[in-house]
Amino acid sequence: MKIRVRLIQLSLLSFLCLFLVGIGSAEEYEYTVQEDVMIPMSDGVNLSANIFLPKADGPFPAILMRTPYNKGGADNGGAIFYAKRGYAYITQDCRGRFDSEGVWDPFRYDGKDGFETQEWVGKQSWCDGNIGMSGGSYVGFTQWISAPYGSKYLKTIVPVVPPTDVYYHAIYSSGAFQLGLSMGWGALVSLRPGETPPEIDWDKAYRHLPLNKWDEAFGKEVFYLRDWVAHPSYDEYWKARGIGDRYCDVTIPVLNIGGWYDIFSRDTLEQVNRVRHESKNRFARRNQFVIMGPWAHGGDQRKVGEIDFSENARFDRNDTQFKWFEYWLRNQETGVEDWPPVNIFVMGENQWRAENEWPLKRTEFTNYYIHSEGDANSSNGDGILNTTAPLKEESDTFEYDPNNPVPSKGGNNLMGAPAGPYDQSELEEREDILVFTSEPLEEKLEVTGPVKMILHASSSAKDTDFTAKLVDVHPDGKAYNLCDGIARARYRESLTDPNLIEPGKVYRYTIDMWVTSNVFLPGHRIRLEVSSSNFPRFDRNPNSGKPFGSDTELLKADQMILHNADHPSHLILPVIPRK
């Protein structure tokens, strides 16, 4: 499929605009714009910003948005809206992007650059010393990564679908390379202003080998794409590009907004959780808020993927953000003081619900064991899922062929495949997918929280992958994905010290399937899929055990999944008791 990169770029800019406009006070001012103001960094690099100021008596609270997507290329409706309502609004190009000086190296400089920009803004005569930050995706990252630096002027942030620790949540996941996001987005943002975008056959490009020279498929060498492949373990390279253990230094209120089908769904919840538990500042610990809807990356619409979540799924994040800033930057009573710390959309019942913590204290983590007579291959097999522990059962086997990987169909995607819930029925006809299904439910079963699988498996390879997917099977037979995960064998014990496996030996894997909130309704069935690929969301494991990114050939692997008394493979569901 031929896709013009420029069209993808425009879609990202349109996505960015979703997080800029606010709704609120009817009072409006005229405004002025100072374009391409160069803000000096301590290393001599100057970063370009546009500054929107009300024509009114200042000083004003300020809102800062730092973006790699062009400070002037997106709709400035957010800046205009806030300037008309008495805010200074600053949009700034990240280092090395558009009108800013320096080298563009994603994630590397945004912490310190953000802090120094906040210090500069806070000292301007038009700023009253109160700064908030806004924006989504990478623009959310620029907020989080600067927060631990502790500018006295930064009073709050509103990140939407944000990553923070990019190794764990953006570029890699449990040791597996997030190919669609990393290479698709990474290649896109390497384009300079005026550079002619190449025409890419993405289906072919994602299959390019070796991965350490993937940029050849993009038609140009991109140094940071090669760096990402050259650092498959969590090392000093990645520590310099994430928050790491610095959540303890976050001292400000945060409103995080995310979606169950977003590429950063797990991160969105973990960020506020870590501040709640690790911050040295009691005020910050008590003022962390998160909103999770049924959405994918950058949307708040009622229909996501193939599911219509009803009109209840619509959420006025613009009005919510405006009330948040009015409260924290202007001390206006907007109702924020009564908001719940956790506001989640419970799919299935399609209702919003207020909670006090994450995971929910009343959670009953329940084991659902897999069973079969050795023929769980495909939805036509004999795979069963229930709460009874196995005794003596035959193992299941399948062949994983990386030349014919299981395609990504829905899920937590950004690029490479559509995001959201999609009917998995056609995929489940594949013999390389083991399918385990419960009996139809007689009562509602709510699953809200982190989902994991404990898998006992062996492989003929020195390194391989195992995947798990939670599915809600409707009475009509359609099977909609909820959440999923992957485990790379060499990283089963540590993300810093990989260790290959011994072919034929059984190992215990923990597959992090991320997070969800869903009520399985009466007549529905719970389903678990087990396989070894999810492409192109994740790269194809070549099964060779060679250094990551160096393979030019892909090997088949024979996989064995055990479920018996000594090896009770099972799903761990966060079941919420129903009254």
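See the structure shown above.
Residues numbered from 1 in each chain as written. Predicted model: local features only at pLDDT ≥ 70, side-chain atom pairs only at ≥ 80, totals over all residues. Heavy atoms only, no water.

Attention now goes to the overall build of the protein. Summing up its helical and strand segments, the protein has twelve helices and 27 strands in all. What you see for the protein is a C-alpha radius of gyration of 24 Å, in line with the 25 Å of a compact globule of 579 residues. Referenced to the eigenvectors of the C-alpha coordinate spread, the extents of the protein come out at roughly 80 × 55 × 40 Å. Buried positions account for 61% of the 579 residues belonging to the protein. Summarising the internal contacts of the protein: among those between residues at least 6 apart in sequence, 77% fall at separations of at least 24. Carbon and sulfur atoms provide 46% of the accessible area of the protein, an area that totals close to 21500 Å². Of the side chains in the protein, 61 bear a positive and 81 a negative charge, and the two mean positions are spaced by 4 Å. (Helix = DSSP H or I, 4+ residues; strand = E, 2+ residues; numbered from the N terminus. Rg over C-alpha atoms; globule rule 2.2 N^0.38 Å. Buried < 20%, exposed > 50% of the residue type's maximum accessible area, 1.4 Å probe, protein only. Contact = heavy atoms within 4.5 Å. Areas by Shrake-Rupley, 256 points an atom, 1.4 Å probe, with all protein chains shown as cover. Lys, Arg positive; Asp, Glu negative; His and termini not counted. Charge placed at Lys NZ, Arg CZ, Asp CG, Glu CD.)

With that settled, consider the environment of M133. Tracing the chain through its elements places M133 in strand β6 (residues 127–136). With residues near it in sequence (within four places) discarded, M133 still touches L64, R66, Q118, T142, Q143, S146, L154, T156, I157, V158 and F325.

Next up on the list: unusual backbone geometry. That bond from L209 to P210 is cis: its omega, -5 degrees, falls within 30 degrees of zero. Following F535, the chain continues into P536 via a peptide bond in cis, with omega recorded as 15 degrees. Residue position: P536 is located in the loop between β25 (525–531) and β26 (557–562). For D36, which is not a glycine, the phi torsion comes out positive at approximately 55 degrees. Mapping D36 onto the fold places it in strand β2 (residues 31–40). In this model, N70 sits at a positive phi of 95 degrees, which is unusual for a non-glycine residue.

What follows deals with the environment of L441. If you trace the backbone, L441 turns up in the loop between β20 (434–437) and β21 (445–459). In this structure the C-alpha to C-alpha distance between L441 and G523, which are 82 residues apart in sequence, comes to 5.1 Å. Excluding residues that lie within four positions of it along the chain, L441 makes contacts with F520, L521, P522, G523, H524 and I526.

The full count for this structure, using the stated rule, is zero disulfides. C127 takes part in no disulfide bond, and the closest cysteine sulfur, belonging to C94, lies 20 Å away. According to the relative accessible area criterion, C127 is buried, its value standing at 7%. (Disulfide = S-S within 2.5 Å.)

Another aspect to go through is the pattern of salt bridges. Counted according to the given criterion, the structure contains 34 salt bridges. One salt bridge in this structure joins D110 and R66, with 3.2 Å as the shortest N-O distance. You can see D110 sitting in helix α3 (residues 110–122) and its partner R66 sitting in strand β4 (residues 60–67), a full 44 residues away along the chain. Each member of the pair, D110 as well as R66, is classed as buried. Among the ionic pairs, D465 bridges to R488, the shortest N-O distance being 2.7 Å. Taken together, the residues span a long stretch of sequence, with D465 in strand β22 (residues 465–473) and R488 in strand β23 (residues 479–488) at a distance of 23 residues. Under the relative-accessibility criterion, D465 is labelled buried at 0%. Given a relative accessible area of 3%, R488 falls into the buried group. (Salt bridge = Lys/Arg side-chain N within 4 Å of Asp/Glu carboxyl O.)

Here we come to the packing of α3 against helix α4 (residues 138–146). In the contact formed by α3 and α4, the axes pass within 8 Å of each other and the chain directions differ by 75 degrees. Comparing their axes, α4 and α3 come out roughly perpendicular. Of the residues in α4, those touching α3 at D110, G111, G114, F115 and Q118 are Y138, F141, T142, I145 and S146. Across the contact of α3 with α4, the residue classes tally to four nonpolar, five polar and one charged. (Axes fitted to C-alpha atoms, helices over the stretch in contact; angles between N-to-C directions. Parallel < 35°, antiparallel > 145°, perpendicular 65-115°, else oblique. Nonpolar A, V, L, I, M, F, W, Y, C, P; charged D, E, K, R; others polar.)

Now for a negative patch on the surface. On the surface, E373, D375, E394 and E431 cluster together to form a negatively charged patch. Residue E373 is classed as exposed on the basis of its relative accessible area, which comes to 70%. (Patch = residues over 30% accessible without salt bridge, like charges linked within 9 Å, V, L, I, M, F, W, Y side chains within 5 Å.)

Right, let's talk about helix α10 (residues 265–278) for a bit. Helix length check: α10 (14 residues) gives 20 Å between terminal C-alpha atoms against 20 Å at 1.5 Å per residue, within 8%. Looking at α10, one finds that the buried residues are S265, R266, D267, T268, L269, Q271, V272, N273, V275 and R276. (Expected span 1.5 Å × (residues − 1).)

Owing to its 3.6 residues per turn, the α-helix brings residues three or four apart onto one side. Given a rise of 1.5 Å per residue, 14 residues ought to cover 20 Å, and the 19 Å separating the end C-alpha atoms of helix α12 (residues 317–330) matches this to within 8%. By the criterion of burial, α12 is predominantly enclosed, with ten of the 14 residues buried. If you check which residues of α12 are buried, you get R317, D319, T320, Q321, F322, W324, F325, E326, W328 and L329. Of the residues trailing α12, N331 is marked for its positive phi of about 60 degrees.

Pairing between sheet strands relies on hydrogen bonds along the backbone, with the strands arranged either parallel or antiparallel. Across the sheet, ten strands lie side by side as β2-β3-β5-β4-β6-β7-β11-β12-β15-β16; this open sheet has mixed pairing. Looking at which strands have only one partner, the edges of the open sheet turn out to be β2 and β16 (351–355). Taken over all neighbouring pairs, the strand axes of this sheet differ in orientation by 20 degrees on average, direction set aside. Pairing analysis gives four bridges linking β4 to β6, with the strands arranged parallel. Looking across to β6, one finds that L64 is bridged to M133. Running at roughly 135 degrees to β6, α4 makes contact with β4, β6, β7 (154–160), β11 (254–259) and β12 (288–293) of the sheet. (Pairing = 2+ DSSP bridges.)

Right, let's talk about the pairing of β25 for a bit. For β25, the tally of buried residues reaches six of seven residues, placing the bulk of the element in the interior. Two strands pair when backbone bridges link them, and β20 and β25 are joined in this way by four bridges, in the antiparallel orientation. Looking at β25, one finds that V435 is bridged to E529. Alignment of β22 against β25, held across seven bridges, turns out to be antiparallel. By the bridge assignment for β25, K469 is matched with E529.

Okay, the environment of E553 next. In this fold, E553 is placed in the loop between β25 and β26. Sequence spacing of E553 and N343 is 210 residues, and the spatial spacing of their C-alpha atoms is 47 Å. Setting aside residues no more than four positions away along its own chain, E553 makes contact with L209 and P542.

Note that all results are geometric; they support no functional claim without further evidence.
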